[in-house]
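Next come the chains, spelled out residue by residue.
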Amino acid sequence: MKKCWRLKLSKLFFTCLALMFIGQSYALAQYEGVDKDYFTFPIQPDKVNFLSGTMGELRATHFHAGLDIKTNGKQGLNVYAAASGYISRIRVAKGGYGNSIYIKHPNGTSTVYAHLQKFNSELASYVLKRQYEDESFTANYFPQKNEFKFKQGEIIGLSGNSGSSSGPHLHFEIRNSKQEVLDPLRFGFEQIRDEIAPIPLRIALKTMDIESRINGQFGRFEFNLERQGNGFIVKDTIQAFGKIGVEIWAHDKLNGATNRNGIPTIYMSNNGDEVFNQEIDNVNFSSQKQILVHTNFQAQKTTNRRYNKLYIDDGNTLKFYDNKDHGFLFIEENAKNHIGIQMIDTYENERKINFNILGEAINDKITSVISPPKIYSVQDNTLILTREVEDSDLENITIYTKENSRVLGPTYSNQNHHIYLWDLRTGLPDSVNIGNHSMDIMFNTMVPSTSSHSYDNKTYALSFSNKSLFDTTYIQSQHYIENQIEIFELHNQNQPVKNSFGVEIDPLLQYDSLEQHHIFKLNSGKNPSFIGGVWDDGKIKFSVTGPGKYTLMKDEKPPSIKELSRSDTRISFRIQDKQSGIKEFRAEINGEWLLMNYDSKRNLIWSERLDKKKNLKGNFSLTILDNAGNESNLIIKL
Ligand SMILES: [Zn+2]
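Residues numbered from 1 in each chain as written. Predicted model: local features only at pLDDT ≥ 70, side-chain atom pairs only at ≥ 80, totals over all residues. Heavy atoms only, no water.

Our next topic: the coordination of the zinc ion. For the zinc ion, every protein donor is listed as H64 (NE2), D68 (OD) and H171 (ND1), and the spread of their distances is 2.0 to 2.2 Å. Linear spacing of the donor residues for the zinc ion on their chain is H-x3-D-x102-H. A residue pair is termed long-range when its members are at least 10 positions apart, and H64 in the loop between β3 (51-53) and β4 (67-70) and H171 in strand β13 (residues 169-175) qualify at 107 residues. The pair H64 / H171 is uniform in exposure class, with both members buried. (Donors = N, O, S within 2.8 Å, 3.2 Å for Na, K, Ca; no water. Helix = DSSP H or I, 4+ residues; strand = E, 2+ residues; numbered from the N terminus. Buried < 20%, exposed > 50% of the residue type's maximum accessible area, 1.4 Å probe, protein only.)

Below is the structure:
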């Protein structure tokens, strides 16, 4: 009962009860006010099902909002209403959830069914009629309470792969009355089985201020784990001092699938005292961007691994945690710290990781290997400079800021390298003199996260709102010409961008027709992606959400149209625009609007008449517009 007790402590909304489940006893934490047996499984209810995604799973830009239920690579499986209710929303979108249905239930919850191939015939004819009324393929309707009522288990549509789905599956959500997402697995569906405990891959320790050390050094260090019995350990004792953050790279597996899913519950203790807990049981759509501070953004960028921080970093406003000291470890000299991490999935399968940290005295001579990744790097507010040991008399460096210069001795050294730490809050370096050579570092500006900020350079300006960033960010940006191409470059930052910020560029080159030029982001090895921008008085304004190289380009090529098939009642095309991308299209038959369904992943459009029996005869026209304003027209006699 210990686990139940802990869950109860951490979340007042939950009650714990043991639930008999296919001969096994699970202690699923329940949502108060929602009956555990309220919902039935929305697809293949008579079978054991498999998941490719769980609720709360860490994705690159969000916490996954529901279950991704596998459909054996097939489309067209029946999708059933998980409980009685009425259709509160029905959507057709080219990206995102594609074709989706929202059902509102009498107990205040809603269920969502996404990436559908088709709506059931009653809903499909309603949508088709509205699409013709609105003359729009995309649709977002909110029917009245009494319009479409469904009983539990009735077919509402067929599963598919529509929207930004990368393979056939059903995305299924349960939401509470505040439209927050709940974990469907907590309702104990017997169609899903999980007897596999979470699997840790690596941990990382990070110094959280300039005074802290890990094995003598400042920075972020990853450690391998070794299996010991049912748990995992770090073999060697780690030495550390000061304020330390722990991160874990781990996933959960469920029976019968190889997919790496999310771990909702993690605890960390130091010498038996809890220092961190997280429980992802409820996701609010307005805080989805917080994934960028819940995980380590730099590790994600550089290694594509999502490390779950076991500490609450600056700018993190998520409600998953209940911690006194934000989860940080405070390691004192000579103190023995036994760290335990406990990971628990929704089915209460549990995995433990243990390791020891010994408090070490801070020292300017160290024996551990310094692996210099770069000559300089930034971690939070600290600039780290690395230099090879040459002559001990010349070990000082000089840092030049706009205001003055300062001689700096090494913070610590081993026999091969010196490390210099500089607190960026005390001044932004323009250049550094190391031995007899000088290096430009050029930090443009320090941007606070809590107030708006603007930065003006000669040919460009940046503007940040108080909602642009999670934490103080040091910006390095340049505007230059390379191979006769104009480039505005935003270098990798130490912090992720929460919302976008504005850039305004006064072009360095002469352009024949400004209005036809747009901002594109350069992608190595791939086509540039269209960003857009608005011209005003010879300058172009656009917004950016992250680092990269941006340029001005003209897209003069209209979209391509290729007819694929034609019958008495239907015509289909492949439409493409490789430069700026397709913005919109319109088809007409004898001067009347004609619905073209759109599969943007396969660049396909196909006609559908309101009266399906009516032949497609007469004058057909198709107009396609790209994002840069180029237009293609096709007129044919059918
Ligand atoms: Zn999904």
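Counting through the fold element by element, E147 comes out in the loop between β10 (139-141) and β11 (149-150). Residues E147 and N590 lie 443 residues apart in sequence; the distance between their C-alpha atoms is 33 Å. A distance of 2.7 Å separates a polar side-chain atom of E147 from the backbone nitrogen of Q144. (Polar contact = N/O pair within 3.5 Å; in protein donor to acceptor, adjacent residues only side chain to side chain.)

A word on the pairing of strand β15 (residues 199-207). By the bridge criterion, eight bridges tie β15 to strand β20 (residues 238-251) in an arrangement that is antiparallel. Across the sheet, I199 pairs through a bridge with H251, a residue of β20. (Pairing = 2+ DSSP bridges.)

A word on the layout of surface pockets. Take a probe with the size of a water molecule and roll it over the atoms, and the empty space left behind shows itself. The volume enclosed by the largest pocket comes to roughly 1,600 Å³. For the lining of the largest pocket, the element with the most residues is helix α4 (residues 297-303), which contributes seven residues. Residue classes in the lining of the largest pocket are distributed as 19 nonpolar, 21 polar and seven charged. Space inside the second largest pocket adds up to approximately 890 Å³. For the second largest pocket, the lining is made up of 34 residues, of which N99, Q117, K118, N597 and W606 are closest to its centre. Breaking the lining of the second largest pocket down by element, the ones donating at least two residues are β9 (118-119), α2 (121-134), β49 (571-576), β51 (592-599) and β52 (604-608). Here the lining of the second largest pocket takes five residues from α2, the largest share from any one element. Its residues assigned to classes, the lining of the second largest pocket shows 13 nonpolar, 13 polar and eight charged. (1 Å grid on protein atoms, 1.4 Å probe; cavity = no way out; pocket = protein on both sides within 12 Å on 5 of 7 lines; lining within 4 Å. Points joined across faces, edges and corners; volume = space filled by probe spheres on them. Nonpolar A, V, L, I, M, F, W, Y, C, P; charged D, E, K, R; others polar.)

Below, the discussion takes up the sheet that holds strand β47 (residues 548-554). Spatial strand order, β40-β41-β47-β43-β44: five strands in an open sheet with antiparallel pairing. Each edge of the sheet is formed by a strand with only one pairing partner; in this case those strands are β40 (477-482) and β44 (526-532). Between one strand axis and the next, the sheet turns by 35 degrees as a mean value, whatever way the strands run. As defined by bridge partners, strand β41 (residues 485-490) adjoins β47 across four bridges and the pair is classed as antiparallel. Bridging from a neighbouring strand, I487 pairs with T551 of β47. (Axes fitted to C-alpha atoms, helices over the stretch in contact; angles between N-to-C directions.)

Once that is clear, we can look at the sheet that holds strand β33 (residues 417-423). Spatial strand order, β28-β29-β33-β32: four strands in an open sheet with antiparallel pairing. Each edge of the open sheet carries a strand with a single partner, namely β28 (376-379) and β32 (412-413). Taken together, the four bridges between β28 and strand β29 (residues 382-388) define a ladder with antiparallel strand orientation. Within the sheet, the bridge partner assigned to Q379 lies in β29 and is T382.

All right, on to the pattern of salt bridges then. Enumeration over the complete set of coordinates arrives at 22 salt bridges. Across the pair R220 and E247 runs a salt bridge, and its minimum N-O distance is 2.7 Å. Here R220 is found in strand β17 (residues 220-224), whereas its partner E247 is found in strand β20, with 27 residues between them in sequence. With relative accessibility at 24%, the residue R220 sits in the partly exposed group. Looking at E247, the relative accessible area reads 0%, which means it is buried. For the salt bridge of K402 with D430, the shortest nitrogen-to-oxygen distance reads 3.8 Å. Here the residue K402 occupies a position in the loop between β30 (397-401) and β31 (405-408), and D430 occupies one in strand β34 (residues 429-434), the gap between them amounting to 28 residues. K402 gets classed as exposed once you look at its relative accessible area, which sits at 61%. Here D430 falls in the partly exposed class, since its relative accessible area comes to 24%. Linked by salt bridges that have partners in common, R202, R220, E222 and E247 make up one network. (Salt bridge = Lys/Arg side-chain N within 4 Å of Asp/Glu carboxyl O.)

This model, assessed by the stated rule, comprises 23 aromatic pairs. Aromatic side chains F443 and Y474 sit 6.4 Å apart centroid to centroid with 85 degrees between the ring planes, which places their arrangement in the edge-to-face category. Taken together, the residues span a long stretch of sequence, with F443 in the loop between β35 (437-440) and β36 (445-447) and Y474 in strand β39 (residues 473-475) at a distance of 31 residues. By relative accessible area, which is 2% here, F443 ends up buried. Between Y455 and Y460, the ring centres sit 6.2 Å apart and the planes meet at 55 degrees, which makes this aromatic pair tilted. Here Y460 falls in the buried class, since its relative accessible area comes to 4%. (Phe/Tyr/Trp six-rings, centres within 6.5 Å; stacked < 30°, edge-to-face > 60°.)

Here we take up α2. Helical geometry: 3.6 residues make up each α-helical turn, so side chains three or four residues apart lie on a common side. The end-to-end C-alpha separation of α2 is 20 Å, in line with the 20 Å expected for 14 residues at 1.5 Å each. Buried within α2 are the following residues: L123, Y126, V127, L128, Q131 and Y132. Trailing α2 by a residue or two, E135 shows a phi angle of about 50 degrees, which is positive. (Expected span 1.5 Å × (residues − 1).)

This part is about unusual backbone geometry. Within the chain, N271 stands out as a residue other than glycine whose phi angle is a positive 50 degrees. Tracing the sequence through the fold places N271 in the loop between β21 (265-270) and β22 (273-279). Given a relative accessible area of 45%, N271 falls into the partly exposed group. Backbone geometry at N590 places phi at a positive 50 degrees, although glycine is not the residue there.

Among the nonpolar cores identified, the biggest contains 60 residues, and I90, I101, Y113, F573 and F620 are the most heavily contacted of them. Formed by 42 residues, the second largest nonpolar core is a distinct cluster that contains M55, I238, I266 and I312. (Core = buried A, V, L, I, M, F, W, Y, C linked by side-chain atoms within 4.5 Å.)

A few words on the pairing of β47. Bridge count for strand β43 (residues 517-523) against β47 is six bridges, and the pairing is antiparallel. Counterpart to K521 in the pairing with β47 is Y550.

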